[in-house]
Amino acid sequence: RADAAMYAAKAAGRDRVHFFDRFMGQGAKSRLVLLEDMRAGLRENAFFLDYQPQFDLQTGNIFGAEALVRWQHPELGLLPPSEFIPHAEETGLVVELGQWVLEEACRQNKRWQSEGLGPLLVGVNVSARQFWDGDLVGQVRAAVQAAGISGEYLELEITESLLIRNRDVAIATMSELRDFGVKLAIDDFGTGYSSLAALKHLPLTRLKIDRIFTGDISSECSIMQAIITLGKELGLSVIAEGIEEEAQVHALRRFGCDEGQGFHLGRPMRADQFTKCLAGQRLQRTVNVPDYSI
Ligand code: C2E
Ligand code: MG
Ligand code: MG
Ligand code: MG
C-alpha cells in the first residue's frame, strides 16, 4: 500500500500542468477563453497526432504506435496534452476531442495499411469523461467504419482509476468494445490502487507498465518481474513504457517482457516521419530475408 501510494504520488507529480495552472489563476473568463480556443482549434484543425512506436523486444520490429494528441495554438504555440487535456476533461470537450482523435488515428492507420506498411496496432488514449459521458462504443464503431479498418487494429488505453466509478458497467462497455474486435489496454499500470487479482475479470488484452517501474528497474526489479509474470499468467501481453536506456531493454528481455516503448527506442513523431520508419523497417526486412516468391 505504501509503495502504491508512493508510485501514485510520483505519477501525479510528473503530470503537473503549467499552462493550465496559469490559465486557471486568471479566473473564470480565461477558462471560457481556453474553452473557446479549443472549440476553434477543433473546427480549424489545430490539433494533430504524434505517433510513438511500440517495439517487439525480441525481433526489434515496430508492431504498433501510440497516438498522442498535440495542439498547435495560434498564440501559445505547440502545447502538449498535459496543458489542455485536464481542461478538456473538466469542460467535457474531451468527448468531442476524443472522437476526433479516434477518427484521425483510424484514418492514419488505414493510410499505412494502404501503403503496405501494416498491419499496425494503433493505440488511442481514452479519458474518463469520454468513457462515461460519451457514447464510446458508438464513437469507436463510427471511427473504425469511416476509416474502413478492422477493429482489431485499434487499441484503447484506459486507466485503472477510470474503472472504479462503476465496475460492472465498465466491464459491460469493455465487452461491447471487445465484441467489435477492439483491443483494450490498461495504461500506466501499477500507479493506481487496483491489484493484479482485480484485473482477472476485466476483458483486457494488454498491460502497459508505467514508466516509473521501468526507470527503477534495477532497484525495483522484483515489482517489474512480478507484474510481467502475473500479467502473462492472465493471458495478457505486457508492454513496458518509458524505456530510456539500452540496459533496461536487456533487463526487460530477461524478465520475459515482450514489448517496449520509450524515448530510447523511438520518440513520438509526426505521421510522415513514422511512415519513413516503417518503410525503412520493411526495406531492412526485405534485405535480411529475401522473398523469392515475388
Ligand atoms: P500516456 O498515455 O501514458 O503517454 C505516454 C507519455 O509518455 C507521452 O507523453 C510520451 O511522450 C511520454 N513518453 C514516452 N516515452 C517516454 C520515455 O521514455 N520517457 C519519458 N519521460 N516519457 C516518455 P505526452 O504525449 O506528453 O502525453 C501525456 C499524457 O497525455 C498521456 O500519457 C495521456 O495520458 C495523455 N494523452 C495524450 N494524448 C491523449 C489523447 O488523445 N486523449 C487523451 N484523453 N489523453 C491523451
Ligand atoms: Mg497512453
Ligand atoms: Mg502511459
Ligand atoms: Mg499517463
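Residues numbered from 1 in each chain as written. Chains lettered and ligands numbered in written order. Predicted model: local features only at pLDDT ≥ 70, side-chain atom pairs only at ≥ 80, totals over all residues. Heavy atoms only, no water.

The subject of this paragraph is helix α7 (residues 136-147). Spanning twelve residues, α7 covers 16 Å between terminal C-alpha atoms, matching the ideal 16 Å at 1.5 Å per step. All of the buried residues in α7 are Leu-136, Val-137, Gln-139, Val-140, Ala-143, Val-144 and Ala-147. Projected down its long axis, α7 shows its buried positions confined to an angular sector of 160°, all on one face. With respect to the buried face of α7, the exposed residues turned more than 90 degrees away are Gln-145 and Ala-146. Buried residues along α7 sit in contact with α5 (94-114), α6 (128-132), β5 (154-159) and α9 (167-179). In the stretch just after α7, Gly-148 is the one whose phi turns positive, near 75°. (Helix = DSSP H or I, 4+ residues; strand = E, 2+ residues; numbered from the N terminus. Expected span 1.5 Å × (residues − 1). Buried < 20%, exposed > 50% of the residue type's maximum accessible area, 1.4 Å probe, protein only. Arc of directions from axis to C-beta. Contact = heavy atoms within 4.5 Å.)

Bringing the coordination of the magnesium ion (ligand 3) into the picture now. The coordination sphere of the magnesium ion (ligand 3) contains the protein donors Asp-187 (OD), Asp-188 (OD), Glu-241 (OE) and Glu-241 (OE), at a distance range of 2.2 to 2.6 Å. Here the donor residues for the magnesium ion (ligand 3) map to a single chain with the spacing D-D-x52-E. In this structure, the magnesium ion (ligand 3) is positioned 3.9 Å from the magnesium ion (ligand 2), and both are ligated by Asp-187. (Donors = N, O, S within 2.8 Å, 3.2 Å for Na, K, Ca; no water.)

Right, let's talk about the site of ligand 1 for a bit. In the neighbourhood of ligand 1, 21 residues make up the surrounding shell, with Arg-70, Asn-125, Asp-187, Glu-244 and Phe-263 lying closest. The contact in question runs from an oxygen atom of ligand 1 to an N or O atom on the side chain of Glu-66, over 2.9 Å. Contact distances for ligand 1 include 3.2 Å between a nitrogen atom and a backbone N or O atom of Val-69. Surface burial for ligand 1 is 81%, taken as the share of its 800 Å² of free accessible area covered by protein chains. Only β2 (62-73) and β6 (183-189) provide two or more residues apiece to the shell around ligand 1. Of all the elements, β2 adds the most residues to the shell around ligand 1, at four residues. Here the residues of the shell around ligand 1 are counted per class, giving eight nonpolar, five polar and eight charged. (Near = heavy atom within 4 Å. Polar contact = N/O pair within 3.5 Å; in protein donor to acceptor, adjacent residues only side chain to side chain. Areas by Shrake-Rupley, 256 points an atom, 1.4 Å probe, with all protein chains shown as cover. Nonpolar A, V, L, I, M, F, W, Y, C, P; charged D, E, K, R; others polar.)

Counted by the stated rule, this structure contains seven aromatic pairs. An aromatic cluster of at least three residues, connected via ring pairs, comprises Phe-47, Trp-71 and Phe-84. Lying over the aromatic face of Phe-180, Arg-141 brings its terminal NZ or CZ to 5.6 Å of the ring centre. For Arg-267, the ring lying beneath its charged end belongs to Phe-263, and the centroid distance is 3.9 Å. (Phe/Tyr/Trp six-rings, centres within 6.5 Å; stacked < 30°, edge-to-face > 60°. Lys NZ or Arg CZ within 6 Å of the ring centre and 35° of its normal.)

Mean pLDDT over the protein chain: 89, with 86% of residues reaching 70 or higher. Model confidence for the complex is summarised by a pTM of 0.91, with the ipTM given as 0.98. (pLDDT = per-residue confidence, 0-100.)

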